[in-house]
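Coordinates in review
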Amino acid sequence: MNNIVAIVGRPNVGKSTLFNRLIQRREAIVDSVSGVTRDRNYGKSEWNGKEFSVIDTGGYVRGSDDVFEGEIRKQVELAIDEADVIIFVVDVEEGITPMDDVVARLLRKVTKPVLLAVNKVDNAMREKDAIEFYNLGLGEYFTFASISGSGTGDLLDALIDSFPVKPEPVQEEVVLPRFAVVGRPNAGKSSFINALIGKERFMVTDIAGTTRDAIDTKFDRFGFEFNLVDTAGIRRKAKVKEDLEFYSVMRSVRAIEHADICILVIDATRGFEGQDQSIFWLAEKNRKGVVILVNKWDLVEKDTMSTRDYEEKIKRELMPFTDVPILFVSALTKQRLLKALEATVQVFENRKQRIPTSKFNEFMLKVIEAYPPPATKGKYVKIKYCMQLPTLTPQFVFFANMPQYVKEPYKRYLENKIRENWDFSGVPIDIYIREK
């Protein structure tokens, strides 16, 4: 499992800019006005061959400074609880503020690695000004400029060195597939899990530490056998007022990386919202199989929204990865739960499917001959051989004389043809073009 890095700090110190730089994409909205990051952003990053998940914990002001202080405190406490390493971002232009002191006071109590990152240091004068941040009592600091990227290399080197050494997983005699139930709060994840395994078999405890990791529950009913990874949000009594959205994100990150297949539960009465899409794309980025369950279908007025209309609406949001099973269920009435299990097991089988090289070439070379890659600058690309790679997830390589001229649209064409002939529903596919 990858490490989780949480970026914390008060508003407008450059957390989202650093986040965008780490994931190499402008995903988080960045603005000079404080409080822009209201939804929590998360993604994957890599440095020196090590992958890790990054979470941007944006705080925002609601009415007064006192309310805001409570918000930032909750987010920092949650980051401390779930992350492996914490990056505490401060602003050299404004120096140490009372809110920085509040966050630093919390971070001084933790045993996890905390990296103090002083942002907006882009000249020698500001380098001297950064010495002030020793007063936060967090030891050494790292200076960087998130906009230009200067100094981020040293910060990332230190980050990689700070990751805890995780023990090698103990190999089980029989490794059961892991199905993670993920989704936003109140979508019906708990009801779905309880409907499958029965409340008497679902462990709920108020002991501190219960929710630190995803909990595996062995499922052995209806002819199916697998581990069900619970992310239903079992929370301690002391944390009842936690920020549920942020908490669900951190639990989902861990659960997705821990699973083979992700069962994404969405609330039919609310639709396929931004949080649902974010969790879906996180599963896709991690190359996990996905099944979407539209829960609470019994509460939807059928004359206003049919299953076909609802399904098409979801698939528009998922483009271009639309080959995903979507089932309409009700955990309360147990409607279509067995079909949901069958679909999930089928996606697991699809994910580990292996196509013999001879059959793959026989079909795909005819497809390529009928519609070859477009010529570029008068040069014709020829693909003479292809195969599936021996990897955990479906990956295919096509050997061409000039691979650099094969563009994304043609790769999507190849992927679509593979999906038409073999069942890879619910599973991301990787297409590689290599020089023969």
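Here the structure is a predicted model, which means the values were calculated and not measured. (Residues numbered from 1 in each chain as written. Predicted model: local features only at pLDDT ≥ 70, side-chain atom pairs only at ≥ 80, totals over all residues. Heavy atoms only, no water.)

Quick look at the overall build of the protein chain
Spelled out, the test is: Only DSSP runs of H or I with at least four residues qualify as helices, and only runs of E with at least two residues qualify as strands; both kinds are numbered from the N terminus onward. Each residue's exposure class comes from its accessible area (1.4 Å probe, protein chains only) as a fraction of the maximum for that residue type: buried when under 20%, exposed when over 50%, partly exposed otherwise. Where accessible areas are quoted, they stem from the Shrake-Rupley method and a 1.4 Å probe; at the residue level, only the protein chains shown are allowed to cover.
A tally of helices and strands in the protein chain yields twelve helices and 15 strands. Looking at the protein chain as a whole, 54% of its 436 residues qualify as buried. Of the roughly 21100 Å² of accessible surface on the protein chain, a fraction of 50% belongs to carbon and sulfur atoms.

Comments concerning the pattern of salt bridges
Our working rule: We define a salt bridge as a contact between a side-chain nitrogen of Lys or Arg and a carboxyl oxygen of Asp or Glu at a distance within 4 Å.
Taken as a whole, this structure holds 14 salt bridges when the rule is applied. Taking the shortest distance from any N to any O, the salt bridge between Arg-287 and Asp-430 comes out at 2.7 Å. A residue pair is termed long-range when its members are at least 10 positions apart, and Arg-287 in the loop between α8 (274-285) and β11 (289-295) and Asp-430 in strand β15 (residues 430-435) qualify at 143 residues. Where Lys-315 meets Glu-311, a salt bridge forms, and the shortest distance between an N and an O atom there is 3.4 Å. Of this pair, Lys-315 and Glu-311 both sit in helix α9 (residues 307-318), four residues apart, which is roughly one turn of the helix. On the basis of relative accessibility, which here comes to 26%, the residue Lys-315 falls in the partly exposed class.

Structural notes on unusual backbone geometry
A cis geometry characterises the amide bond from Met-319 onward to Pro-320, with omega recorded as 5°. Its location among the elements puts Pro-320 in the loop between α9 and β12 (326-328). Notably, Lys-296 is not glycine yet its phi reads approximately 65°, a positive angle. Position of Lys-296 among the secondary structure elements: in the loop between β11 and α9. Although it is not a glycine, Lys-334 sits at a positive phi angle of roughly 60°. Secondary-structure assignment places Lys-334 in the loop between β12 and α10 (337-351).

Focus on the nonpolar core
Stated formally: Put simply, a nonpolar core is a bunch of buried Ala, Val, Leu, Ile, Met, Phe, Trp, Tyr and Cys residues held in one set by side-chain atoms that sit within 4.5 Å of each other.
Membership of the largest hydrophobic core comes to 51 residues, with the highest contact counts inside it found for Phe-88, Leu-107, Phe-280, Ile-292, Val-294 and Ile-314. With 26 residues, the next largest nonpolar core counts Phe-192, Ile-193, Ile-197 and Val-427 among its residues.

A short note on the environment of Tyr-413
Relative to the elements of secondary structure, Tyr-413 occurs in helix α12 (residues 408-421). For the pair formed by Tyr-413 and Ile-368, sequence separation is 45 residues and the distance between their alpha carbons is 9.7 Å.

Looking at helix α3 (residues 98-107)
When you tally the buried positions in α3, you get seven out of ten residues, the bulk of the element. Those residues of α3 that sit buried are Met-99, Asp-100, Val-102, Val-103, Ala-104, Leu-106 and Leu-107.

Looking at helix α6 (residues 189-197)
Every α-helix winds through 3.6 residues per turn, so residues three or four apart in the chain are directed the same way. Of all nine residues making up α6, seven are buried, and the element is well covered by its neighbours. Among the residues of α6, Lys-189, Phe-192, Ile-193, Asn-194, Ala-195, Leu-196 and Ile-197 are the ones counted as buried.

What about the packing of aromatic side chains?
Put simply, the rule is: Pairing of aromatic rings covers Phe, Tyr and the six-membered ring of Trp, with a centre-to-centre limit of 6.5 Å; geometry is then stacked below 30 degrees between planes, edge-to-face above 60, and tilted otherwise.
Overall, the coordinates contain 17 aromatic pairs when judged by the stated rule. Through a chain of ring-to-ring contacts, the aromatic side chains of Phe-360, Phe-363, Phe-396, Phe-398, Trp-422 and Phe-424 assemble into a single cluster.

Topic: the environment of Ile-147
We apply this condition: Only heavy atoms enter the contact rule, under which two residues are in contact if any of them lie within 4.5 Å.
On the secondary structure map, Ile-147 appears in the loop between β6 (141-143) and α5 (152-162). A C-alpha to C-alpha distance of 8.3 Å links Ile-147 and Gly-14, two positions 133 residues apart in sequence. If we skip the residues at most four places from it in the chain, Ile-147 touches Thr-17 and Arg-21.

Thoughts on the sheet that holds strand β13 (residues 383-388)
Selection rule: Strand pairing follows a simple DSSP-based rule, namely that at least 2 bridges must link the two strands. In this description, a line fitted to the C-alpha atoms serves as the axis of each element, helices being fitted only across the stretch in contact, and the angle between N-to-C directions of two axes falls anywhere from 0 to 180 degrees.
Taken together, three strands build an open sheet; the order of strands is β13-β14-β15 and the sheet is mixed. Only two strands of the sheet have a single neighbouring strand rather than two, namely β13 and β15. Neighbour to neighbour, the strand axes of the sheet diverge by 20° on average, direction disregarded. Both strand β14 (residues 395-400) and β15 contribute to a ladder of six bridges, which runs parallel. Following the sheet pairing, Gln-395 is matched in β15 by Asp-430. Against the sheet, helix α11 (residues 357-370) touches β13 and β14, its axis set at about 140° to β13. Strands in contact with α12 are β13, β14 and β15; relative to β15, the strand with the most contacts, it is inclined by about 120°.

Brief notes about the confidence of the model for the protein chain
When pLDDT drops low, the exact placement of atoms in the prediction is not to be read closely. Short version of the rule: Across the chain, each position has a pLDDT score giving the predictor's confidence in that residue, from 0 to 100.
On average, residues of the protein chain carry a pLDDT of 77, and 77% of them reach 70 or more. Taken together, the stretch residues 59-64 has pLDDT below 50 and engages in 15 contacts with residues farther than four places along the chain or on a different chain.

Points about the environment of Thr-143
Note the cut-off: Each polar contact in these results corresponds to two N or O atoms within 3.5 Å; when the atoms are within protein, one needs to be able to donate a hydrogen and the other to accept it, and residues that are neighboring in sequence are counted only if both atoms are side-chain atoms.
Relative to the helices and strands, Thr-143 is located in strand β6. Residues contacting Thr-143, with those up to four places away along its chain left out, are Val-118, Val-121, Glu-127, Ala-130 and Gly-151. One polar contact links Thr-143 to Glu-127, side chain to side chain, over a distance of 2.8 Å.

Digging into the pairing of strand β4 (residues 85-91)
Selection rule: Look down the strands so they point away from you; if going from the first strand over the helix to the second traces a clockwise path, that crossover is right-handed.
In terms of burial, β4 is a largely internal element, seven of the seven residues being buried. Sheet topology note: the strand β1 (residues 3-8)/β4 ladder contains four bridges and is parallel. What sits directly across from Val-8, in β4, is Phe-88. By the bridge criterion, six bridges tie β4 to strand β5 (residues 114-119) in an arrangement that is parallel. Along β5, the bridge assignment pairs Asp-91 with Asn-119. In the classification by handedness, the crossover that spans β4, the intervening α3 and the parallel β5 is right-handed.

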